2 protein chains.
Amino acid sequence: MAKKVGVLLAGCGVFDGSEIHEAVLTLLFLDQAGAQIMCMAPDMDQPHVIDHTNQSSMDRKRNVLVESARIARGAIVDLKTVNAEEIDALIVPGGFGAAKNLSDFAVAGPQAKVHPEVHRLLNEMVEAKKPIGALCIAPATVAKALAACHPKLTIGTDKGTAAAIEAMGAKHHSCKVDEICVDETHKIVTTPAYMLGPDIKHIAVGIEKLVKKVVQLA
Amino acid sequence: MAKKVGVLLAGCGVFDGSEIHEAVLTLLFLDQAGAQIMCMAPDMDQPHVIDHTNQSSMDRKRNVLVESARIARGAIVDLKTVNAEEIDALIVPGGFGAAKNLSDFAVAGPQAKVHPEVHRLLNEMVEAKKPIGALCIAPATVAKALAACHPKLTIGTDKGTAAAIEAMGAKHHSCKVDEICVDETHKIVTTPAYMLGPDIKHIAVGIEKLVKKVVQLA
């Protein structure tokens, strides 16, 4: 039977939401792996809306669930309606939204607060021994949510971010863009994606490996 | 030397912009084919902004270039600054933006007006004998812009849309989602993508073929 895999989105666009290439490649490789996909996002206002032509702040309100629906072509549910019983695995693409909306790691660092529904679902997944995949900067939010487990994960090779992740109780493992880091104990799979890049063909290699490993562990 | 391929975007989201999966897969396959990518979009207000969770209209203003920049991760230029001399080929992903922003085919049918800069660049490409790729509904805009050439192209198998395309002077060729239609005379390559779908793994097959053919013709 097809594995049902949740994809937790955080908006639509690298600077204030989910990184679009990472999210779409996750969907592509999940579909190619025969998985059933369930996109979800928190129903919350974005703290920032960024003009992606110049990275300036736009004085507009946008909602994370509504913007995430663009990547999901409308096939998306409110995160708060999802529990670990109904999915076999969960993947979190990167982008600043993963560290500004799903938690506030991008501004608060190791003192980050994780969105309560993100915290709940990630902990439910670990308790149910179901795999979690996280790309790019998303492992920082996973590290904070699962600090009590001391997960092993990667955000690539950036020393400052790695130190912040270790300050939250996780173990950081340096990784190239075409590699994955696997915490076999907690079934957590991570890959650097656009933390290293540089281009879409490079991130695709690591994301395909991550998706295959997550589906295999499910 | 790497071929330089323009990707003409029309916003960010299937219901009011470029279809995100089609656009990202175009970028992936171009990068894998060794092409240099130049994203572009018209600097114009969107006539519609659609809430992708329920397809209702949102009473907000958005700009096509600014929203397209989300897909391009900021690496995008204003369409009006681009001419056919500086690119070897041009690809237009689909989504309603390709038929509401690049032209108004989605509302006006065969009486559609094409955005003047889109009309200019498409005609420059044909005059320079440089290839054009178009996905999903984007061939309808190409058909109108290049009506004088009577191009051969596909939007899949939808009879109403095919009839509208033929009413504009083009020749429609029915095509499956994993196939491409090639007009060798005008170097125009088209594939149905999400006009047929149903899923991302299916559209990826036709889009990869289209990108390879466009790069080969360049």
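As shown above, the structure is provided for reference.
In this text, all values refer to a predicted model and were calculated from it rather than measured experimentally.

Enquirer: Before we go on, may I ask you to explain the sheet that holds strand S10 (residues 181–183) of chain A in this structure?
Expert: Strands in a sheet are paired, the pairing made by backbone hydrogen bonds, and the direction either parallel or antiparallel. Residues and elements named next belong to chain A. If you trace the seven strands from one edge of the open sheet to the other, you get S5-S2-S1-S6-S7-S11-S10, paired in mixed fashion. Each edge of the open sheet carries a strand with a single partner, namely strand S5 (76–78) and S10. Neighbouring strand axes in the sheet, compared pairwise and without regard to direction, differ in orientation by 25 degrees on average. With three bridges joining them, strand S1 (residues 4–8) and strand S6 (residues 89–92) adopt parallel strand pairing.

Enquirer: Explain unusual backbone geometry here, please?
Expert: Residues other than glycine predominantly adopt negative phi, and peptide bonds predominantly adopt the trans conformation. All names here are of chain A. With an omega dihedral of 5 degrees, the bond running from Gly-197 to Pro-198 counts as a cis peptide bond. Within the secondary structure, Pro-198 sits in the loop between strand S11 (188–191) and helix H8 (200–217). Of note in the backbone geometry, Gln-55 takes a positive phi value of approximately 60 degrees without being a glycine. For Gln-55, the position within the fold is in the loop between strand S3 (50–51) and strand S4 (56–57). Phi is positive for Arg-73, close to 55 degrees, though the residue is something other than glycine.

Enquirer: Would you mind going over the interface of chain A and chain B with me for this structure?
Expert: Accessible area lost upon the coming together of the parts serves often as the stated size of an interface. Each partner contributes residues to the interface: chain A has 37 residues there, and chain B has 37 residues. At the surface where chain A touches chain B, the tally comes to 18 residue pairs in polar contact (both at pLDDT 80 or more). Sorting the residues of the side of chain A that touches chain B by element identifies helix H1 (20–32), S3, helix H2 (64–71) and H8 of chain A as the ones contributing at least two each. In terms of residues, the side of chain A that touches chain B owes the most to one element, H1 of chain A, which gives eight residues.

Enquirer: How should I be thinking about the pairing of strand S11 (residues 188–191) of chain B in this particular structure?
Expert: When a strand is regular, its side chains alternate between the sheet's two faces. Residue and element names in this part refer to chain B. Along S11, one buried face is formed by Ile-188 and Thr-190 and the opposite face, lined by Val-189 and Thr-191, is buried too. Two elements, strand S7 (residues 132–135) and S11, share four bridges in a ladder whose sense is parallel. The partner of Ala-134 across the bridge, within S11, is Thr-190. Bridging between strand S10 (residues 181–183) and S11 involves three bridges; their strand directions are antiparallel.

Enquirer: When you look at the packing of aromatic side chains in this model, what are you seeing that I'm missing?
Expert: Each aromatic ring pair is summarised here by two numbers: the centre-to-centre distance and the angle between the ring planes. This model, assessed by the stated rule, comprises zero aromatic pairs over all chains. One residue, Arg-73 of chain A, lies across the ring of Tyr-194 of chain B, its end atom 3.4 Å from the ring centre.

Enquirer: Would you explain helix H2 (residues 64–71) of chain B in this entry?
Expert: In an α-helix, one turn spans 3.6 residues; hence positions three or four apart end up facing the same way. Taken across its eight residues, H2 of chain B has eight buried, putting it largely inside the fold. Residues of H2 of chain B that are buried include every one of Val-64, Leu-65, Val-66, Glu-67, Ser-68, Ala-69, Arg-70 and Ile-71 of chain B, and no others. Tucked inside the fold, the buried residues of H2 of chain B contact H1 and S3 of chain A together with helix H1 (20–32), strand S2 (36–41) and strand S5 (76–78) of chain B. The N-cap residue of H2 of chain B is Asn-63 of chain B: its side-chain oxygen and the backbone nitrogen of Leu-65 of chain B are 2.8 Å apart.

Enquirer: Looking at this model, I keep getting lost on the relation of the copies chain A and chain B. Mind explaining?
Expert: For the pair chain A and chain B, the superposition axis carries a translation of 0.0 Å, the fit reaches an RMSD of 0.0 Å, and the rotation angle comes to 180 degrees. Overall, the copies show the geometry of a two-fold rotation axis. Within chain A, the C-alpha atom positioned nearest to the axis of rotation is that of Val-24 of chain A, 3.5 Å from it. A share of 100% of interface residues in chain A that are also interface residues in chain B marks the association as one of identical surfaces.

Enquirer: Where do I start with the environment of Gly-206 of chain A in this structure?
Expert: Residue and element names in this part refer to chain A. Along the polypeptide, Gly-206 turns up in helix H8. Overall, Gly-206 belongs to the buried group, its relative accessible area being 0%. Between the alpha carbons of Gly-206 and Asp-178 there is a distance of 4.2 Å; along the sequence they are 28 residues apart. Not counting residues within four places of it along the chain, the set of residues in contact with Gly-206 comprises Val-177, Asp-178, Glu-179, Ile-180 and Thr-191.

Enquirer: Please clarify how the packing of helix H5 (residues 116–127) of chain A against helix H6 (residues 138–145) of chain A should be interpreted in this entry.
Expert: Each packed pair of helices is defined by two parameters, the angle between the axes and the distance between the axes. All names here are of chain A. Contact geometry for H5 and H6: axes closest at 9 Å, N-to-C directions at 75 degrees. Comparing the axis directions of H5 and H6 gives the class roughly perpendicular. From H5, Val-118, His-119, Leu-122 and Asn-123 reach across to H6, where they touch Thr-141, Val-142 and Ala-145. Considering only residue class, the contact of H5 with H6 consists of four nonpolar, three polar and no charged.

Enquirer: Explain the packing of H1 of chain A against H8 of chain A here, please?
Expert: All names here are of chain A. Contact geometry for H1 and H8: axes closest at 9 Å, N-to-C directions at 45 degrees. One element, H1, and the other, H8, form an angle in the oblique class. For the pair H1 and H8, the crossing hand works out as right-handed. Together, His-21, Glu-22, Leu-25, Thr-26, Phe-29 and Leu-30 of H1 and Ile-200, Ile-203, Ala-204, Ile-207, Glu-208, Val-211 and Val-215 of H8 make up the contact between the two elements. Counted by class, the contact of H1 with H8 contains nine nonpolar, two polar and two charged residues.

Enquirer: Which parts of the structure should I look at to understand the side chain of Asn-101 of chain B?
Expert: Residue and element names in this part refer to chain B. Positionally, Asn-101 belongs in the loop between helix H3 (97–100) and helix H4 (105–108). A relative accessible area of 4% means that Asn-101 is categorised as buried. Among the polar contacts listed, one links the side chain of Asn-101 to the backbone oxygen of Ala-10, at a separation of 2.8 Å. Among all residues touching Asn-101, those that are not within four sequence positions of it are Ala-10, Asp-16, Gly-17, Met-44, Gln-46, Pro-47, Val-64, Phe-96 and His-115.

Enquirer: Honestly, H8 of chain A in this entry has me stumped. Any pointers?
Expert: Between its first and last C-alpha atoms H8 of chain A spans 26 Å; for 18 residues at 1.5 Å apiece the expected length is 26 Å, and the two agree. When we look at burial in H8 of chain A, the residues that qualify are Ile-200, Ile-203, Ala-204, Gly-206, Ile-207, Leu-210, Val-211, Lys-213, Val-214, Val-215 and Leu-217 of chain A. Considering only its buried residues, H8 of chain A is in contact with H1, S6, strand S7 (132–135), S10 and S11 of chain A together with H1 of chain B.

Conventions adopted
- Residues numbered from 1 in each chain as written.
- Chains lettered and ligands numbered in written order.
- Predicted model: local features only at pLDDT ≥ 70, side-chain atom pairs only at ≥ 80, totals over all residues.
- Heavy atoms only, no water.
- Pairing = 2+ DSSP bridges.
- Helix = DSSP H or I, 4+ residues; strand = E, 2+ residues; numbered from the N terminus.
- Axes fitted to C-alpha atoms, helices over the stretch in contact; angles between N-to-C directions.
- Contact = heavy atoms within 4.5 Å.
- Polar contact = N/O pair within 3.5 Å; in protein donor to acceptor, adjacent residues only side chain to side chain.
- Buried < 20%, exposed > 50% of the residue type's maximum accessible area, 1.4 Å probe, protein only.
- Phe/Tyr/Trp six-rings, centres within 6.5 Å; stacked < 30°, edge-to-face > 60°.
- Lys NZ or Arg CZ within 6 Å of the ring centre and 35° of its normal.
- Least-squares fit on C-alpha atoms with pLDDT ≥ 70 in both.
- Parallel < 35°, antiparallel > 145°, perpendicular 65-115°, else oblique.
- Nonpolar A, V, L, I, M, F, W, Y, C, P; charged D, E, K, R; others polar.
- Left-handed = near helix turned anticlockwise from the far one by under 90°.
- Expected span 1.5 Å × (residues − 1).

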